[in-house]
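As a plain string of letters, each chain reads:
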Amino acid sequence: MNVKSLNRLGGRVVLVERRLHGEKSLLHELESLAQTIGYTVAGKIEQVRRADPKFQIGAGKAEELARLVKEVGAEKVIFENDLKPVQAYNLAKETGVEVLDKFQLILEVFSQHASTKEAKLQIELARLRYELARAKEKVRLAKLGEQPGFHGLGKYEADVYYEAIRRRVSKIQEELEKVRRSRRLKRLRRRSIGIPTVSLSGYTAAGKSTLFSALSGVEAKVTGSLFTTLSTKIALADFSGRRSLLVDTVGFIDGLPLTLIEAFKSTLEETVFSDLVILVVDCSETLSEVRRKLSYSLSTLHEIGIVSTPIITALNKADLIGEDKAEKVAEKVSDIAPNPVPISALYRINLETLRKTVADNLKDYVKASFELPLTSEALSLISSIRRFSTVRSQTFHEKAVLLEVESTDYFMDKLKGRVEKLGGRMLEAVKI
Ligand SMILES: Nc1nc2c(ncn2[C@@H]2O[C@H](COP(=O)(O)OP(=O)(O)OP(=O)(O)O)[C@@H](O)[C@H]2O)c(=O)[nH]1
Ligand SMILES: [Mg+2]
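Along each chain, the written sequence defines residue order, and numbers are assigned to residues from 1. Chains carry letters and ligands carry numbers; both start at the beginning, A for chains and 1 for ligands, and go up in the order they are written. With pLDDT at 70 or above as the cut-off, local features in this predicted model cover only qualifying residues; side-chain atom pairs require 80 or more to be listed or tallied, and sums for whole chains, interfaces and linings still use all residues.

Undergrad: Which parts of the structure should I look at to understand the site of ligand 1?
TA: Looking at ligand 1, there are 22 residues lining it, with Gly207, Ser209, Thr229, Gly251 and Leu346 nearest. In terms of residue count, the dominant contributor to the shell around ligand 1 is helix H8 (residues 208-216) (three residues). In this classification, Asp, Glu, Lys and Arg are treated as charged, Ala, Val, Leu, Ile, Met, Phe, Trp, Tyr, Cys and Pro as nonpolar, and every other residue, Gly included, as polar. By residue class, the composition of the shell around ligand 1 is eight nonpolar, 11 polar and three charged. Placing the C-beta atom from the backbone, one calls a residue near a molecule or strand if that atom lies within 6 Å of it. Segments assigned H or I by DSSP are reported as helices when at least four residues long, segments assigned E as strands when at least two residues long, and all are numbered from the N terminus.

Undergrad: What's the story with the environment of Val77 in this structure? I'm lost.
TA: Tracing the backbone through its elements, the reader meets Val77 in strand S3 (residues 76-79). To sort residues by burial, count the other C-beta atoms lying within 10 Å of each one's C-beta; a count of 20 or more means buried, 12 or fewer means exposed, and anything in between means partly exposed. C-beta atoms are built from the backbone. Residue Val77 is classed as buried on the basis of its 27 C-beta neighbours within 10 Å. Leaving out residues up to four positions away in the same chain, Val77 has contacts with Val13, Val14, Val16, Leu65, Val69, Leu91, Thr95, Val97 and Val99. By the convention adopted here, residues make contact when the C-beta atoms placed from their backbones lie within 7 Å.

Undergrad: Which parts of the structure should I look at to understand the sheet that holds strand S5 (residues 197-202)?
TA: Adjacent strands of a sheet pair through backbone hydrogen bonds, lying either parallel or antiparallel. Two strands form a pair only when DSSP identifies at least two bridges running between them. Ordered in space as S6-S7-S5-S8-S9-S10, the six strands form an open sheet in which the pairing is mixed. The outermost strands of the open sheet, each flanked by one partner alone, are strand S6 (233-239) and strand S10 (340-342). Strand-to-strand twist of the sheet, defined as the mean angle between neighbouring strand axes without regard to direction, takes the value 30°. Fitting a line to C-alpha atoms yields each axis, with helices limited to the stretch in contact; the angle taken between N-to-C directions then spans 0 to 180 degrees. Contacting strand S9 (311-316) and S10, helix H12 (residues 323-333) crosses the sheet at an angle of about 165° to S10.

Undergrad: Just checking my understanding: could you explain the sheet that holds strand S4 (residues 98-101) for this structure?
TA: Taking strand neighbours across the sheet as the criterion, the four strands line up as S2-S1-S3-S4 in an open arrangement whose pairing is parallel. Two strands in the sheet have a free side with no partner beyond their single neighbour: strand S2 (39-48) and S4. Going across the sheet, the axis of each strand differs from the next one's by a mean of 25°, ignoring polarity. The pairing of S3 with S4 spans four bridges and is classified as parallel. Counted as the bridge partner of Val77 is Val99 from S4. Strands in contact with helix H3 (residues 59-72) are strand S1 (11-19), S2 and S3; relative to S2, the strand with the most contacts, it is inclined by about 165°.

Undergrad: Any chance you could explain the domain arrangement of the protein chain here in plain terms?
TA: By a frequent convention, interface size equals the accessible area lost on bringing the separate parts together. When cut into domains, the protein chain gives domain 1 (3-113), domain 2 (118-176), domain 3 (195-361) and domain 4 (365-431). One C-alpha centre belongs to domain 2, the other to domain 4; they are set 58 Å apart. What marks off one domain from the next here is an automatic or database domain assignment.

Structure (structure tokens):
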């Protein structure tokens, strides 16, 4: 797959899923992914059986697939299951078209949506790692006769091809390490201001970016399709008087391989290092879908290293089912969902309750009063205090101004120093 071929994505595809007895079908999700980048789903095939080493599906099903591909004029086949190179090869030979798996489809979606250099590098890294694991086998297969998806590989020596990819992988890793360092510095600088970070997290298309805009007042790109957001966005937001930095990030999807999650490590670190996570879940779907997406998101959060960070579950899109029903969903998922709050990000419903729940879970807050001399430096300090904390009252006297401030104890400590430098003083401070 190169950039040129990505620009003309689209065309007719057949989707295939093989699953075990009792496993839930994820074909509808594969279909949304395919449609997101303009494919027309011209046919679907499902089979319940164990994986077949040759075709992933059974030999009879593979024949059926080949017939369907011809009948509907499909240009590609996309599997929900991971495919080994030999399976992709055999299937391409059998059907005469290129055969992809879900991982490759997700990469196509990501490539089409990536707008920042970092996101592009992360996707390239994930693609190369996927390729690296398969390089030697693919070259070996291509030498047996080139098939769709294996063109041009036959001319390489397996080791040469593998080495070329490996070198490119380390080059990209170096570049990403630079991005990661600068991100770390930015995070430290933000942290040194002393206000907490709240991250939005959750399944793709749950409404994270819509909620980001609703809470911060800052525009974020929202579309009906999957994986609209691939790079982080940060803005100030107020949670019932607790000023925080709100972070919007990339979403999750079931079956997202660890290689892809790892490639997005520096983006996801924003979530890992935040003080609180708002887990956004679409509660308008069936209860089993809600639970599946919830558990998947929670285990992904766990996997990336979130263990003791407080989590608030925002059960979004409550407008679609009504508030009463949304409350019932909250009850029914309360065994797995931490602090569930039904909301509608789009129609701004119940956001006050969400803000309050977030505030209640942000720790180490202090209320303090200060006396500052009436100078221009002090006034400019006050405007900076207003930006990063909550000023509960402000009283002007002839030569001084009295302020009542609420913020983290860290911010307050720093503020005390700055106030004293300007000739003012802290009058009292209490934990709240
Ligand atoms: N009815 C309804 N639709 C919503 C609500 N919140 C978001 N949506 C819609 O859901 C779709 C996805 O919203 P986004 O905010 O882009 O979702 P996201 O979680 O940021 O998605 P990705 O960035 O793609 O992972 C859009 O069509 C939104 O308009 C809501 O409260 N109610
Ligand atoms: Mg988004």
